[in-house]
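Coordinate analysis (summary)
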Amino acid sequence: MTKLEIYDHRALALVPPDAVLEVLATGCTWSEGPVWMQEDGSVLWSDIPKNRMMRWHPDGGGRVWRQPADFVNGHTREAGGSLLHCSHGRRAVLRTRFGPDLAPLGNEIVVDRYEGKRLNSPNDVVVKSDGTIWFTDPPYGILSNHEGYKADSELGDNFVFRFDPASAILEVVSDFVEEPNGLAFSPDESVLYVSDTSAALRTDGGGNHHIVAFDVAGGRRLQNPRVFAQVDPGVPDGLRVDMQGWVYTSSGDSVQVYGADGRRLAKIPVPEKVGNVAFGGTGMNQLFICASTSLYRITLNTKGIP
C-alpha cells in the first residue's frame, strides 16, 4: 500500500487501505500533461524534450502515440470529444479531432496570436462548461531549444487567456501571475486556480512557487486574486480539482492535496519530481501522475470532475 503524509483529519480516508502507487510506463525525459481518454480507457501524455506524445493502455502499456508533436505540453478534452493541446513549438493552442476508433485527424490551430502578436508558449489549458478555452502562456517554450524553439517574446508579458470559439475573441483575463502554469476551475466554476512557477528556473532563491485563486465574476472576469497555497519543495506545476473541491498539485516530491480553504491536507509521495496530474478511470477515481520519466496511477476515495 501507499502511505500518505496526513496533515488534516479530513484526508484520513483519501486513499483506500490497499491502494498502491503503480508505475504504468517509464523511459521519458520529462512527462507532462496527462489526459484521460474515456472511449478506450487510455491515457495520453507529453514527453516534451523528446517532442512526442505517449499513450498508455492496459493491453499494450506505454508507447509513442505521435512524434513529432510540436513540443506539446498540457492537454484537455472539449465537450464534443476533441483534444486540445498547448504547443510550445507552434506557440499555439491546437486541436485534434478524431475519427472512428479514436483515429487522430491531424492538428488545427485554435489560436496563436493576440492582437497580431505571437503567443509565448501556451502551457496548460482547461475548458469551462460554456465551451470557452482558458489557458496560460508563460515563456518556457521560447527560453531555449530544449522544449520548443528559442525566440523573443512578442507580448512582453505572461498572461492567462480566455478564448471564445463562438466569437473567436481572445482576451487577457489576468496579468497578475508572474509565470502562470497549471490551472483548474473549482467544481462550480466560481474559482479559478492558477499556479505561479516563476521560481522554477531561478538560481538566486527568488520567484514564486504558489497557487493563486481568483474569483470568476460573470463567468468570464477574474477578480480578487490571492495566494491560495505555498507549495514546497519544488513548484506547483500542474494541478486538478476533485468533486469536493480539493486541489491536487505537483511538487518536488509528491502530489500535494489542499482543501478549498487552502489548508494542506496530505501528500501522496512519488519517487520522482511531479509535473502534472489528471483524474481518470471508469469511475473517475484514479489519479494519473506524470513525474519526470514515468506515468503513475493511484486509486483514491474521491472523484475528479467529469
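Residues numbered from 1 in each chain as written. Predicted model: local features only at pLDDT ≥ 70, side-chain atom pairs only at ≥ 80, totals over all residues. Heavy atoms only, no water.

A separate point is the pairing of strand E7 (residues 72-77). Moving residue by residue along a regular strand, the side chains alternate between the two faces of the sheet. Counted residue by residue, E7 has six buried out of six residues, so it is predominantly covered. As paired strands, E7 and strand E8 (residues 83-87) are joined by four bridges and run antiparallel to one another. Considered in E8, the bridge of Thr76 is made with Leu84. Connecting the antiparallel pair E7 and E8 is a turn made up of five residues, with Gly81 showing a positive phi of about 105°. (Buried < 20%, exposed > 50% of the residue type's maximum accessible area, 1.4 Å probe, protein only. Helix = DSSP H or I, 4+ residues; strand = E, 2+ residues; numbered from the N terminus. Pairing = 2+ DSSP bridges.)

With antiparallel pairing, four strands are arranged side by side in an open sheet as E2-E27-E26-E25. The sheet is open, and its two borders are formed by strand E2 (22-25) and strand E25 (274-280), each paired with just one other strand. Adjacent strand axes in the sheet meet at a mean angle of 30°, parallel and antiparallel pairs treated alike. Pairing of E25 with strand E26 (residues 286-291), which is carried by six bridges, proceeds in the antiparallel orientation. Paired with Gly280 across the bridge in E26 is Gln286. (Axes fitted to C-alpha atoms, helices over the stretch in contact; angles between N-to-C directions.)

For the rest of this paragraph, the subject is the pairing of strand E19 (residues 210-217). Burial of E19 is extensive: seven of the eight residues sit out of reach of the surface. Where strand E18 (residues 191-196) meets E19, six bridges bridge the pair, whose relative direction is antiparallel. The residue of E19 that forms the bridge with Val191 is Asp215. The antiparallel pairing of E19 with strand E20 (residues 221-230) creates a hairpin that spans three residues between the two strands, and Gly218 there sits at a positive phi of about 65°.

With respect to topology, four strands assemble into an open sheet ordered E13-E14-E15-E16, the strand pairing being antiparallel. Looking along the sheet, the strands with just one partner apiece sit at the ends: strand E13 (125-127) and strand E16 (169-174). Averaged over all adjacent pairs, the angle separating strand axes in this sheet is 25°, with direction ignored. Sheet topology note: the E13/strand E14 (residues 133-137) ladder contains three bridges and is antiparallel. If you follow Val125 over to E14, its bridge partner there is Phe135.

What follows covers the UniProt feature "domain: SMP-30/Gluconolactonase/LRE-like region" (unreviewed entry) in the protein chain. The sites that UniProt annotates as "domain: SMP-30/Gluconolactonase/LRE-like region" (unreviewed entry) are residues 30-291. Secondary structure over residues 30-291 splits into 0% helix and 52% strand, and the C-alpha atoms at its two ends are 7 Å apart. (UniProt positions renumbered as here; feature names shortened; annotations may be inferred.)

So, on to the packing of aromatic side chains. Counted according to the given criterion, the structure contains 12 aromatic pairs. Both rings, one in Trp65 and one in Phe98, keep their centres 6.5 Å apart while their planes meet at 45°; by these two values the pair is tilted. A residue pair is termed long-range when its members are at least 10 positions apart, and Trp65 in strand E6 (residues 61-66) and Phe98 in strand E9 (residues 92-98) qualify at 33 residues. Aromatic ring contacts, followed pair by pair, group Tyr114, Phe135, Phe159 and Phe161 into a single cluster. Cation over ring: Lys273 sits above Trp30, and NZ or CZ is 5.5 Å from the ring centre. (Phe/Tyr/Trp six-rings, centres within 6.5 Å; stacked < 30°, edge-to-face > 60°. Lys NZ or Arg CZ within 6 Å of the ring centre and 35° of its normal.)

Here we come to the layout of surface pockets. Empty space left among the atoms is revealed by rolling a probe the size of a water molecule over them. A volume near 840 Å³ is recorded for the largest pocket. In this structure, the largest pocket is lined by 28 residues; those nearest its centre are Thr76, Arg77, Val127, Ile305 and Pro306. Mapped onto the lining of the largest pocket, the elements with two or more residues apiece are strand E3 (31-37), E7, E13, strand E17 (180-185), strand E21 (239-241) and E25. Taken together, the residues of the lining of the largest pocket break down into 15 nonpolar, eight polar and five charged. Considering only enclosed or pocket space, the second largest pocket measures out at about 520 Å³ in volume. Trp30, Glu147, Ala200, Leu201 and Asp237 are the residues nearest the centre of the second largest pocket, which is lined by 24 residues in total. Looking at the lining of the second largest pocket residue by residue, the class counts come to nine nonpolar, 11 polar and four charged. (1 Å grid on protein atoms, 1.4 Å probe; cavity = no way out; pocket = protein on both sides within 12 Å on 5 of 7 lines; lining within 4 Å. Points joined across faces, edges and corners; volume = space filled by probe spheres on them. Nonpolar A, V, L, I, M, F, W, Y, C, P; charged D, E, K, R; others polar.)

Further remarks concern the nonpolar core. Trp45, Tyr248, Val255, Leu287, Ile289, Ile298 and Leu300 are the most contacted members of the largest nonpolar core, which totals 35 residues. Looking at this core, the elements with two or more residues in it are E2, strand E4 (42-47), strand E5 (52-57), strand E23 (254-258), strand E24 (264-269), E25, E26 and strand E27 (294-299). Top element by residues in this core is E26. It accounts for five residues. By size, the runner-up hydrophobic cluster in this structure holds 15 residues, among which are Leu84, Tyr114, Phe161 and Phe163. (Core = buried A, V, L, I, M, F, W, Y, C linked by side-chain atoms within 4.5 Å.)

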